[in-house]
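Now for the letters of each chain:
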Amino acid sequence: MSSLPSEQGVEKSLLSWLDELGWETHGLDGSQGASVLDERYSRSSADVVYWGLLAEQAINLNDAVTEDNVDRLVSTLRRDLDTDDLVAGNREFYRLLTRGKQFQVEQADSSTEYVYVDLIDFENLERNRFHAVNQFSVSRGTTIRPDVNLFVNGIPLVTMELKSLAQDNDYYDAISDLHNYEDDVPRLFVPGLFNVAADTTALRYGAVGAPTQFYMKWADAPEEFQSDNEMRQAVQALCNPATLLDMLKRFVFYDRRAGGDAKIVPRYMQYYAVNEILDRVAEGEPSADPEGGTLDRGLIWHTQGSGKSFTMLYAAQNLLSRDLLATPQVFIIVDTDKLASQMRDTLSNIGFEQSVVAESIDHLQELIEQGRSEVVLTTIQKFQDVEPDSQGNDEVVVMSDEAHRFMEKDLSSRLKAALPKNFHFGFTGTPVREGEDETDRNTFDEFSPEGEEYLHRYSVKEGIEDGLILPVYFTLRHQMEWNVDEAGLDEEFEQQFAGLSTDDKREFIRNNITSRDLAELSPRVDRIVEEIDDHFEGVDKNGWKGIVVTPSRKSAAMYGERLIERLGEDAIEVLYTATGDDSDLVQQFHTENEERDQIVKRFKDEDEPKLLVVHNMLLTGFDAPNMKTMYLDRNLKNHTLMQAIARTNRVAEGKENGEIVDFQGVFENIDEALDYDTDTKEYAARDKAELFAELETQLDFVLDIFEDIPMDDSQETIDQCLARVSTHPEKGDFKEGFRRLQNLYESISPDARLIKEGIQDDYQWLARVYTAFQRHHNRSDRPEDAMREKTKEIIEEHVDVGEIKRDFPVYELGKEHLEAIEDMDPATAATNVAHATRDHLQPKTGQNPKYKRLSERVTEIVEEWEQGDRSDPEAVEALKAVEEQVLAVDEEAGEQAKARAEFAIYTHLTDEMPDAVDSPEEAETIAADIVTEFDERVDRSYPGWETNQTTVQQIDTLLLDVLLKEHTRPELAKDERFMDALRRYLVQNYV
């Protein structure tokens, strides 16, 4: 069986794929590729840009930049990297990259003028320099070394962190490292477009500053980049120079949000859908005649939750900024004031400059007649009274959101009359295909040219596979026992049908009473409220929220009253509108628009309300990731049912799936409820029995890892379990397997079957093992804190966490540790030594070259052990030998910062470049003189001194004084690598 590649193997493969794309790659031979460019362009380790390369390219790309003034340009660009806010700094540098750097140039007559200097040529790609290098090390207070960086003209646009499953790391670990890099050295990411996190089999990318949940797949590619190797396809489709610069130039937004600004880059389906639209506009011709054979239409069928609004905005941005049309006017059309308000806010938040909102029918009429090249946002209803043939611009592109509703009330004809010559693209996640004759609504007939079903599609299945939306599971609760008697039905019904038996009454109800009538019967409402109360307890316990969907205002009020009695007034809100003619029961819950908006905002952002009861509201355009469960008591079909399903499938951290508890029997025959293709019906909603079956399968998978180990809580058992999951593949299987098991358990609980079938007992035992595993591997001081609520309860009730902490201490490096591991199982001992040594070395690698070499040695030993090239005892002995060397270096370096810094410089001179000094005594003298000057001349009395530009200048000055004036060693002062090392040793040993 072939083994999985190491991180170095993943790195080499990725560099080779980039090399095929035309990137100048360094590091393919396994060396530190960045060192080639470091030497060529004399880069300081504190620099994140290859300034020498950028200077060359600035001269090549701009007539106004010359050898005489380029240094001044570089100096101003250096200042542009200084920022306290990563995303804000990234936004400002993005403007420089895409619009040019304003620069003052002296003219021949000694006058000056301002010009814009291009740092990248977006039109002629061949004029740029594209470099891909590995092991790009940056030291600014701390040292980071991402695995691969992509530079355009010396500017770092992409930072990549790679992991290997063979070494018990995956792309989640890579994302975590990238977040740490952004915190430690934000300057590297100020010019960046996005980051890439990858492991042996999977790749995710995210905008600079993006949280983990916004790292996404790139799962499609043009034909030239398609490959059976998904990693290779993703790398080449995303990182080829043309796509990279196209995305940088025209597919970036910055969204101003209350919780902090966010950078937004496109998902792959958004990027490719926009390009399909642009191609259609390029090859087609706007026409008023849908039968004319011209390509003037297209349907974008993207599932709910995939970001259709931003797809439209990316398309609008590109239509306005490219040369496809001379002066295009772009209409974005929505069907409700609510959606218009949301899109208006989005346009404002992202600072979309060429946009206007139609405030009224007259205003829309004016905008159509003026025909300015801009985006016009309007509702479809405003076209109702617009005059025909008002079009003042022949280059109109219309994009209609929720396209299935665009055709209602003859509004389509009104729009066509007002704008007879246009390109028209429909966007929907729920197209309509009703009936067969010409009067029926059919989204495909309206928006797709003959022979084409859709211009671009992104399905529910793809959304779930990509992690953009969650699977939704349904549980049928519509068949319940009824007590149909005088006490349970209203008096009028009993008087009218007093002669019927109970069975006859049931038969009458089945044949004659509508679902709305049933929903308003008190006995049924009482029974369902009991079900909701019982079920929602588990939903609420995990921090999720829910919604009750009713068929009438009366039933909503009945549910509301009863749920408030059980859960409290603050926990429940009822949303609908009432009139003066309604009963007191209905009128009590009447809400106005503004009031509903505030309730919905609290539902999304605050602890309460926890449960919404609604009628004819929030089934479209309502996205609340914290909502997991829908209690459905309304008969829905086709696109309205798909819209409802989409309310529960939004992604949130820790949320494994959405769920629908069906009291109407809508899902009893899903084929009839959803008139879509097989994939859509299969993936839109699934029977919850499937989820329980998945839990049983996953539980068996994790338990099988510990086959032949007794399932008790003894010290010996836990020792055996930890030894079993010390190396690959069991280690990775357990880490990933339990994470998946926990998600499934949390989704299903509470459920009586968990107790009856012994699943909770097995899960409880595995939770104890997992807690010990996390503690033992030093992944968390308190791993139980990271558990979900229901798992926490199990741990608190059945696991003595204090005992685990005593039984499995995380040893600190020292003689006591070396003695303690003698009695350990070899696999456990190897894991313990490796983690302790790594944790000890990690913060010290910049303090002394010996620490760096020892850290690399630990990595090498662990890789060989995890891949089976070293046995457990061999790994223990090798790691113990390294650990003893680490302790020896600690002792030799001493505890004082001054002594550690002197020892580091001395070691570098004698070990790394022995020919540079005449004797160890000379190395010792140079080291002592440098550190003495540093002590006297560098102010370290304030926070952040180590990254302050003044500090850098002071260090550079004192190094030159010592090397040139005191020791007359110009060759050392000219050695940039040596100077970088000196700066690093001084800072790292004193922070």
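The structure displayed is predicted, hence computed values, not measured ones.

Rules used in this analysis
Residues numbered from 1 in each chain as written. Predicted model: local features only at pLDDT ≥ 70, side-chain atom pairs only at ≥ 80, totals over all residues. Heavy atoms only, no water. Core = buried A, V, L, I, M, F, W, Y, C linked by side-chain atoms within 4.5 Å. Buried < 20%, exposed > 50% of the residue type's maximum accessible area, 1.4 Å probe, protein only. Helix = DSSP H or I, 4+ residues; strand = E, 2+ residues; numbered from the N terminus. Contact = heavy atoms within 4.5 Å. Polar contact = N/O pair within 3.5 Å; in protein donor to acceptor, adjacent residues only side chain to side chain. Axes fitted to C-alpha atoms, helices over the stretch in contact; angles between N-to-C directions. Left-handed = near helix turned anticlockwise from the far one by under 90°. Nonpolar A, V, L, I, M, F, W, Y, C, P; charged D, E, K, R; others polar. Salt bridge = Lys/Arg side-chain N within 4 Å of Asp/Glu carboxyl O. Phe/Tyr/Trp six-rings, centres within 6.5 Å; stacked < 30°, edge-to-face > 60°. Lys NZ or Arg CZ within 6 Å of the ring centre and 35° of its normal. Pairing = 2+ DSSP bridges.

Draft legend 1. Seen up close, the nonpolar core. Core analysis: the largest hydrophobic core is formed by 129 residues, its most contacted members being Leu18, Leu157 and Phe194. Looking at which element gives the most residues to this core, the answer is helix α9 (residues 268-283), with 9 residues. Discounting residues that sit within four places of it in the chain, Leu157 has contacts with Leu97, Ile120, Leu150, Val152, Pro191, Gly192, Leu193, Phe194, Leu244, Leu245 and Leu248. Core analysis: the second largest hydrophobic core is formed by 31 residues, Ala901, Ile905, Val931 and Trp945 among them.

Draft legend 2. The environment of Gln391, seen in detail. Following the sequence through the fold, Gln391 ends up in the loop between β16 (375-379) and β17 (396-401). With a relative accessible area of 16%, Gln391 lands in the buried category. Once the C-alpha coordinates of Gln391 and Leu419 are considered, the two residues, 28 residues apart in sequence, prove to be 5.3 Å apart. Residues in contact with Gln391, not counting those within four places in the same chain, are Ile368, Val396, Ala418, Leu419, Pro420 and Lys421. One polar contact links the side chain of Gln391 to the main-chain carbonyl oxygen of Lys421, over a distance of 2.6 Å.

Draft legend 3. Broad picture of the packing of helix α39 (residues 949-966) against helix α41 (residues 976-990). α41 packs onto α39 with a crossing angle of 120° between their chain directions and a minimal axis gap of 11 Å. When you trace α39 past α41, the crossing you get is right-handed. Contacts between α39 and α41 pair Ile955, Asp956, Leu959, Leu960 and Leu963 from the former with Phe978, Met979, Leu982, Arg983, Leu986 and Val987 from the latter. Taken together, the residues of the contact of α39 with α41 break down into 9 nonpolar, no polar and 2 charged.

Draft legend 4. Structural detail: the pattern of salt bridges. Counted by the stated rule, this structure contains 49 salt bridges. Of the charged contacts, one joins Asp261 and Arg256 as a salt bridge, the two residues approaching to 3.7 Å between their closest N and O atoms. One salt bridge connects Arg280 with Glu452, and the closest N-O pair in it is separated by 2.8 Å. Of this pair, Arg280 sits in helix α9 while Glu452 sits in the loop between α14 (443-447) and β19 (456-458), and the two are 172 residues apart along the sequence. The class for Glu452 is partly exposed, based on a relative accessible area of 22%. Ionic contacts of the salt-bridge type, sharing partners, join the residues Glu123, Asp246, Arg250 and Arg322 into one network.

Draft legend 5. Broad picture of the packing of aromatic side chains. What the rule picks out here adds up to 32 aromatic pairs. Taking the centre distance of 5.4 Å and the plane angle of 85° together, the rings of Phe734 and Phe773 count as edge-to-face. Taken as a pair, Phe734 in helix α28 (residues 730-748) and Phe773 in helix α30 (residues 759-776) lie far apart in primary sequence, 39 residues in all. An aromatic cluster is present here, built from Phe194, Tyr205, Trp218, Phe251, Phe253, Tyr268, Tyr271, Tyr272, Phe310, Tyr314, Phe352 and Tyr458 joined pairwise through their rings. Between the NZ or CZ atom of Lys545 and the centre of the ring of Phe603, over which it lies, the distance is 5.0 Å. The residue whose ring lies beneath Arg984 is Tyr985, and the NZ or CZ to ring-centre distance is 5.7 Å.

Draft legend 6. Quick look at the sheet that holds strand β7 (residues 148-152). Strand order in the open sheet formed by 6 strands is β1-β4-β7-β8-β9-β10, with mixed pairing between adjacent strands. The open sheet is flanked by β1 (24-26) and β10 (203-207), the only strands paired with a single partner. Pairs of neighbouring strands in the sheet enclose a mean axial angle of 20°, with direction left out of account. Together, β8 (155-162), β9 (194-198) and β10 form the strand contacts of helix α6 (residues 171-184), whose direction differs from that of β9 by roughly 145°.

Draft legend 7. Highlighting unusual backbone geometry. In this structure, the amide linkage connecting Glu608 to the following residue, Pro609, adopts the cis form with an omega of 5°. Even without being glycine, Gln135 reaches a positive phi, approximately 55°. Examined against the element boundaries, Gln135 turns out to sit in the loop between β4 (130-134) and β5 (138-140). When its relative accessible area of 18% is taken as the criterion, Gln135 is described as buried. If you check the backbone angles, Asn153 has positive phi at about 55° while not being a glycine.

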